[in-house]
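The chain contents come next:
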Amino acid sequence: MQTSFLIAFLGFLALANAQADSGSVTSTSCTISSGQCSTTGSSNYVSRNLTYSAATGKFSGTITTNQCSNDAWGIPTQGTSAALGHSASCITQTIPAPAYTTTPTAAPLRGRVGLSIKGGVNIFGPLEAGFTTGQACTNNVGSCDAGLDLGVCKDLLEYQCGSSNVKYNMMPDTCGGHANPYHYHNDLACDYTIGSGHSPLVGVALDGRGIYGMYESTGSMPTDLDACNGHFGDVPAYTIGGVTYPAASNVYHYHTTSSAPYILSCFGPVSSLDQCKGLFSTCNTGFSSITSNKGCMSYDTDCPCYRHGNATYNQYGSCSCSVGQYSSGSTCIPCVIGTYTSVTGSSTCSPCAAGTYTSVTGSSTCLTCAVGTYTSATGSTTCQSCPTGSYGSVAGASNCSACAAGTYNSNTGATVCNACPAGKTSAAGSTSCTVSCPPGTSFQSFQSGGICVNCTAGSYSSAQNVSSCTSCPAGKFSNIGGSTVCTNCAAGSYSQFAGSTVCTNCPSGTTSNVGASSCGVSCSLGQYKNGNNSCANCLPGTYTASTDATVCSSCSAGSYVSAAGATNCVACDLGTYSSNAGSSFCLNCPSGRFSASTSGTICSDCPSGRYADTQGSSVCSSCPSGTTSGAGSTSCAVSCQPGQYKPPTGQSCTNCSIGTYSSISGASTCESCSLGKYNDVSGQSFCRVCSVGTYSAITGSSVCSACDSGKYIATAGSSSCINCPEGQTSVSGATSCSTAAPPPPPCQPGQYRNSAGACANCTAGFYSVSSTATSCTSCAPGTFSSARATACSSCSLGKTSEAGASTCTAIIINSVSPSVGKALVRRLITISGPKVIAVSRSLISYVSYGAKGGESKCLSWKWVDPMTVTCLINNIVAEGSSVYFRVYFTASVFATSTYGFTASAAPNISRVAIDKWGPHTIVFYGNNFGNNSFDTSVDIEVNSRTTDCVSTTWSPTKLTCTLPYYLPHGTTVHGRIVVGDQMALTLDSFAPYLPTLTKVSPTSGSASVPDRSFTLIGINLGNQQDDVNECFMYDVYGYRLECTPLWISNTTIIVTPNSRLSPDNVYRFKVSVGTYFTESETVTFSTGPAPFIASVIPGTGAGKVAKAITLSGKNFGLVTGTAVTFSAGGVTLACGFLKVVNVNTITCNVPATTEYDTTYDLRLTAGDYRFDFPGAFSTCAVPTITSVAPTVGKPLAFRDVTVTGTNFGFRGTDLARVAYGTGTTTSSHKTCMSAQWLDNNNVICRIHDDVVVNSVLKFSVTIGDRVVISALTVNHATRYGPTVSAATVSAGVVTITGSNFGTRTSDIGAVTLVNTSTYASYDCDDYSWTSGTQISCTLPSDLPAATYKYYITVADQDVLSSVTTAINLTAA
């Protein structure tokens, strides 16, 4: 049994070792490292070297274990099967494992995910390696796929084998573990006792997180575990092996559970079930169909994700319906006709695919359509027969194939098509065959049969048997019938519409290429075609050498052209340069720089020793002898000798002063001598070294000092001397020391012994009483002394002194607190001074206070300390009074305060502002803020919470309070000021709001305008200039320009950039108001390209009449000051009611003062830019209509009618409208379907297909705002098609009689004779129109003798006569 078990888990263990042991190594530290593990748990070895961070909720360190169970193991949960053994193997596991330091991530599918805290026993995830058939059951049946969790695997075996036959010793035991190496899958039931509160720590996961028992609190399991089986929450402390791992708050940890994943499935946290599945590449790659006593499911193998919130996965459901059925709740329903399902357990039925069907319910498959039938829809219940003209040759078709050209089929359900008989043909998809027509013709069918008809002029056919001819495309024409191709219009001509029979010559001043549908302007060299299809000179700095250019090229850097209309650019001369493309001039090199070649793009600095003192230099001059220069110099300067210098602004050399030197030629400054050196003579190139016995302790010395007595120095160049050793001494300037002399005699009182050992007198303000004193003692405050004093004397009454004083001065009282307060109030005043007032109370007689009304003794007074006295004043001090104080020592000796107490009105706050940036500073404006900062205190209430100021500044009318933190925008703030015993509150709350920019003016313009300023509009832009702190402009490259802000109001700031803007750029604005910055991506200023006008519509109109026009182009800019003007003959007129619709569109009204028959130039001004459009608008004469062609046509059909006249404008855009109708007013006319301007005399109107028979149409043409309607006699009539009633032949001419033959010869399109036997057609050599009822045809001389019908076209209608004539020219 044991061998069988080990074989069953062989694949399990190999995968576990390969996948799960990241961070573990084999160890020799275990006391038991091999052999069978004891069933009692006594073989277990574990050593923990762990620390726990309560901040992160993670363990770190190592666990060494022999992987034996620490509990009595192997007791099956059911049955009495014998326990299966496991063996020891010593390892050391790093916590966290290196592979799992970053989470969330997938945990091993089959292998170690953690270790138990008590025994270091392996903890595995929920999945099993599977059991082969009969391996886990005594009755040799039952199996379990790999990748299922142990609970589902156990359910399967119990269902397949019966519970009594399952080998439960292969399942987790009562402790939750099994297998070799022994590992837990379930709750570690033997490692903890269910008690009160949160379950204890039972294990450590490989990601360092703790694993805890099943309970969150007493009797309650957690309800918010994520898909990894963890959550955030508090965990208790845990002690084991003498080590306590502390409690922690709100840390992520795992819990054991009674259902999958039992311990953990992934290293979290995760936010959803889908996130868990996304961690495993094995999810959604294989499924097992599960049926057990608990239900059915399709289990996603090797995907250990089960639940997260309300989402579940891999859970049991009801068992499946059979094929041909689908489940609805607990009921199985047959699939309806047209649908099927071929799998069990389906929740839906699928529609039959195209080409298949089912006509019965409960189908598990669909039937295939037979040949000759099809179904193109899904969910079909039957198939349809292929229609006539098509066939179906394969079964299961979703559509039928059309019969090929030359074949036909007149029956439905056909599987093949029939070939046409000889002499006939058919188009694809035909149900019958017809006469075969050659290219250049089309087949026309009539009641009497069908014939091949030549394509009319303006059309062609290149294939056989077409049903209609194709109109020649625009740019081509056909001027004869029967064409198989159309001809390109020659260069210099064009055809704008399809179906042209002739090409129109380009108007004067324009041209075209071969095959053109329009003409364009032919410009001279140095000109380009603008958007109005006219020529304009290239601007200075640009050129073109082409006659058909639409743009001019910019001169390259290093070249220029100064005149408009240039054909090439000129290289910059020597000494000049241009660094940018498109320059209209070259710049002279500045002084100090040169350009030695033509086409220069930069200038170079003159090298050292050379100079250029003028602009435009091509070479630099050498400096004269005795002078020199630096790089880029405009002049040379004298070169001074060593020991001399010349300042940059000086004109001559100066000797270096004593204590300094210069060691090089041409020095601009002298250097100070270093320590240990000196110079006592000016003009030196080096410093002398101090001799032995002397030193120099400072730089720039002009002399060295001798060492003091008691010191020496034996080295030259020293910066200090050395003290003689103890017992030795020296004289001044000594280079060595000798044995010390006998001690000097004692000093007298009032003296002290100095550092040289000599006796010195104490200075005034100090004294000594000892003959051995080495220093004197300072006189105490209130006392003084003269020089060589042995004691200090007290100051007389009314005078005082500081410590160490040699004299006494009058007592000063310079502090009174409080110094301000409410009038008529008894109060205690504290009086103090910078020095002692009285060293004891006994020296003071009394204290008084006084004002203009007199002086009174204090109600009571108190000596506090030598510098402080208090006085209680009465409640008689009126508002506005200023009170002084006196301290009396005798009746005539007293000290008066320099500051007093003011009985003031209450403080008043008139305005509050938020000032500056950094920690927020609140500014209060008002009055009566006291006499000094000590009188006043300020605090701020923010959202009902009082906050003290970090610092304050005081003036009588302005107080500032700096807060310890930034105020969030929108905060409600109140301020309070206390002055003495009076208080002022802000009447209204004030709040910092985020400033916002909404608009800038102007929005575009030239970068070259100096001193440009911008007006920024917005909200919350401050209450004063001080509120606006900083201003920046950022371009599209992130470069920042500083700007200067000028505060206007809370909604307006004017800013001026501190440096020049760059061209072709966009700048956004950023301004700080208080502590906040405001900026907007949409509030911008553009220095982009200059405006350009592409078109002006309409370009023509009547003079003396205001006319609305639209300018289209680009870069118009949404700026204030955009203007459009018209000029001609020296007169300039403004376009009124101008509106910049957007950067591409402007509308305005042509002024009503324009003259007749005048062409006006237009100028657009936008910001700093302007654009000139020559000949943009013309005023014209009234147009006239002289004729239309054709004059007759088919009713209810589209057709093109050419309208001919005069004054039809100068360009296509002048044509405002072409219309037609039967009425005499243009308002009753219908606008043509399309209109084409050909030239000043011709336009084409395409009429709609709604004109009824016998309509007589007049035409109206609108040019600009001028309108003309054709006369009654100039019209186009709609008539029924022609008819033929008779035909007679005489002398080679056939005269045909009938009706509706048009009104002129040009209405006749063709007269053709058709052989009634062969259907061959023959055009008349010539034909003429006699009247609307008669035409004549000159027969071709080679016409075969036969019987003929007549095919006649009149405009766009035709007829094949039933009248026949036998013609035999030979017989005649």
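Calculation criteria
Residues numbered from 1 in each chain as written. Predicted model: local features only at pLDDT ≥ 70, side-chain atom pairs only at ≥ 80, totals over all residues. Heavy atoms only, no water. Helix = DSSP H or I, 4+ residues; strand = E, 2+ residues; numbered from the N terminus. Rg over C-alpha atoms; globule rule 2.2 N^0.38 Å. Contact = heavy atoms within 4.5 Å. Areas by Shrake-Rupley, 256 points an atom, 1.4 Å probe, with all protein chains shown as cover. Polar contact = N/O pair within 3.5 Å; in protein donor to acceptor, adjacent residues only side chain to side chain. Buried < 20%, exposed > 50% of the residue type's maximum accessible area, 1.4 Å probe, protein only. Pairing = 2+ DSSP bridges. Disulfide = S-S within 2.5 Å. Axes fitted to C-alpha atoms, helices over the stretch in contact; angles between N-to-C directions. Salt bridge = Lys/Arg side-chain N within 4 Å of Asp/Glu carboxyl O. Phe/Tyr/Trp six-rings, centres within 6.5 Å; stacked < 30°, edge-to-face > 60°.

(A) Structural detail: the overall build of the protein. The helix and strand tally for the protein stands at 4 helices and 131 strands. Relative to the 2.2 N^0.38 estimate, which gives 34 Å for 1372 residues, the radius of gyration of the protein is 56 Å and therefore markedly larger than a compact globule would have. With respect to the three principal axes, the spread of C-alpha positions in the protein is 180 × 115 × 85 Å. Across the protein, contacts joining residues at least 24 apart in sequence account for 52% of those joining residues at least 6 apart. Entry remark: accessible area of the protein is about 62,800 Å², with carbon and sulfur atoms responsible for 52%.

(B) Region of interest: the side chain of R112. For R112, the position within the fold is in strand β6 (residues 112–116). Within the local environment of R112, its side chain forms a polar contact with the side chain of N122, the two groups lying 2.6 Å apart.

(C) Summary view of the pairing of strand β99 (residues 1028–1034). Where burial is concerned, most of β99 is hidden: 6 out of the 7 residues are buried. Judged from the 6 bridges that link them, β99 and strand β102 (residues 1066–1073) form a sheet pairing that is antiparallel. Among the inter-strand pairings, E1030 is bridged to a residue of β102, identified as S1072. Of the strand pairs in this sheet, β99 and strand β100 (residues 1040–1049) are connected by 3 bridges, and their pairing is antiparallel. Following the sheet pairing, F1032 is matched in β100 by E1042. Counting the residues that bridge the hairpin from β99 to β100 gives 5 residues, and of these G1038 lies at a positive phi of roughly 85°.

(D) Up close: the state of the cysteines. In the structure shown here, the tally under the stated rule is 40 disulfides. A sulfur-sulfur distance of 2.0 Å marks the disulfide that ties C283 to C303. With the S-S bond torsion at 90°, the cross-link from C283 to C303 turns out right-handed. With C283 in the loop between α4 (273–278) and β17 (287–292) and C303 in the loop between β18 (295–300) and β19 (307–308), the pair connects residues that are 20 residues apart, well separated along the chain. On the basis of relative accessibility, which here comes to 0%, the residue C303 falls in the buried class.

(E) Looking closely at the sheet that holds strand β95 (residues 973–979). The sheet built from 4 strands is open, its strands ordered β92-β91-β95-β96 with antiparallel pairing. Taken across any chain shown, the strands that pair with only one partner, and hence form the sheet edges, are β92 (945–948) and β96 (982–985). Taking each pair of neighbouring strands and ignoring which way they run, the sheet shows an average axis angle of 25°. Strand direction decides the pairing type here: β95 and β96, joined by 4 bridges, are antiparallel. Residue pairing in the sheet places V978 in a bridge with M983 of β96.

(F) Quick peek at the pattern of salt bridges. One pass over the structure, following the stated rule, counts 9 salt bridges. With its nearest N and O atoms 3.1 Å apart, the salt bridge here joins K154 to E158. Here the residue K154 and the residue E158 both occupy positions in helix α3 (residues 150–161), the gap between them amounting to 4 residues, near one helical turn. Residue classification places K154 among the partly exposed positions, given a relative accessible area of 23%. Taking the shortest distance from any N to any O, the salt bridge between D680 and R688 comes out at 3.1 Å. With a relative accessible area of 42%, D680 lands in the partly exposed category. Here R688 falls in the partly exposed class, since its relative accessible area comes to 31%.

(G) Geometry of the sheet that holds strand β1 (residues 24–26). A sheet is described by the order of its strands in space; here 4 strands give the open sequence β1-β4-β3-β2, paired in antiparallel fashion. The open sheet has two free edges, formed respectively by β1 and β2 (46–53), since each of these has just one partner strand. Adjacent strand axes in the sheet meet at a mean angle of 10°, parallel and antiparallel pairs treated alike. Taken together, the 5 bridges between strand β3 (residues 58–65) and strand β4 (residues 91–95) define a ladder with antiparallel strand orientation. When the sheet's bridge partners are listed, I63 is paired in β4 with Q93.

(H) Structural context of the packing of aromatic side chains. Taken as a whole, this structure holds 17 aromatic pairs when the rule is applied. Taken together, a centroid distance of 6.5 Å and an interplanar angle of 40° make the contact between Y849 and F885 tilted. Here F885 lies in strand β86 (residues 882–888) and Y849 lies in strand β82 (residues 846–851), a separation of 36 residues in the sequence. Both residues of the pair, Y849 and F885, belong to the buried class. Relative to F1177, the ring of F1126 lies with its centre 6.2 Å away and its plane at 70°, an arrangement referred to as edge-to-face. Pair noted here: F1126 is in strand β107 (residues 1123–1128) and F1177 is in strand β112 (residues 1169–1179), with a separation of 51 residues, a long-range link. For the residue pair F1126 and F1177, the accessibility class agrees, reading buried in each case.

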